[in-house]
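Overview (structure and organization)
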Amino acid sequence: MHTSEPTAAQLAAAARTFSLLVPPVRLHLVWLAARGEHDVGTLAAQAGVPIATASQHLAKLRIAGLIKVRRHGRQHFYTVDDPHISTLVDQMFDHVDNR
């Protein structure tokens, strides 16, 4: 647990991370990728969006470092490899479920 007062840079970085999860589809994609490695077609189908839409969101999440991609031939497989992000998303849903 972070116990010292956050710096302005830390607050800005945290706010940017949270802002990336604002669109429900991005939050859904991160949640799915936190549960295992999936190709873009599977993620798009499970999130209920076109592949092009999922790809655009996944690209932003990847650039921000929230998910990682592994290439195998022409396929791209996405996963969350940061336990902090997985915990954050799970705790967010636990919070919503307990309201």
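Heads up: these notes are all about the structure in this document.

Rules behind the numbers
- Residues numbered from 1 in each chain as written.
- Predicted model: local features only at pLDDT ≥ 70, side-chain atom pairs only at ≥ 80, totals over all residues.
- Heavy atoms only, no water.
- Helix = DSSP H or I, 4+ residues; strand = E, 2+ residues; numbered from the N terminus.
- Buried < 20%, exposed > 50% of the residue type's maximum accessible area, 1.4 Å probe, protein only.
- Contact = heavy atoms within 4.5 Å.
- Pairing = 2+ DSSP bridges.
- 1 Å grid on protein atoms, 1.4 Å probe; cavity = no way out; pocket = protein on both sides within 12 Å on 5 of 7 lines; lining within 4 Å.
- Points joined across faces, edges and corners; volume = space filled by probe spheres on them.
- Nonpolar A, V, L, I, M, F, W, Y, C, P; charged D, E, K, R; others polar.

Details of the overall build of the protein chain
For the protein chain, the count of helices and strands is 5 helices and 3 strands. Counting from the amino terminus, the protein chain carries its helices and strands in the arrangement α-α-β-α-α-β-β-α. Taking the principal axes of its C-alpha atoms as reference, the protein chain extends roughly 45 × 30 × 20 Å. Here the protein chain, with 99 residues, has 28% of them falling under the buried criterion. Taking as baseline every contact in the protein chain between residues at least 6 positions apart, the subset at least 24 positions apart corresponds to 55%.

Things to note about the sheet that holds strand β2 (residues 68-72)
Reading across from one edge, β1-β3-β2 is the order of the 3 strands in this open sheet, with antiparallel pairing throughout. At either end of the open sheet lies a strand with only one pairing partner, and these are β1 (38-39) and β2. Pairing of β2 with strand β3 (residues 75-79) involves 5 bridges; the strand directions are antiparallel. Bridging across to β3, lysine 68 finds its partner in threonine 79.

Section: the layout of surface pockets
Roughly 340 Å³ of volume is contained in the largest pocket. Looking at the largest pocket, the residues that line it are Met1, His2, Ala14, Thr17, Phe18, Leu66, Asp82, His84, Ile85 and Leu88. Put simply, the parts of the chain that give the lining of the largest pocket at least two residues each are α1 (8-20) and α5 (83-97). Classifying every residue of the lining of the largest pocket by side-chain character gives 6 nonpolar, 3 polar and 1 charged.

Side note on the pairing of β3
The pairing of β1 with β3 spans 2 bridges and is antiparallel. Looking at the pairing, histidine 38 lines up with tyrosine 78 of β3. The hairpin turn running from β2 into β3, its antiparallel successor, is 2 residues long, and glycine 73 in that turn takes a positive phi close to 65°.

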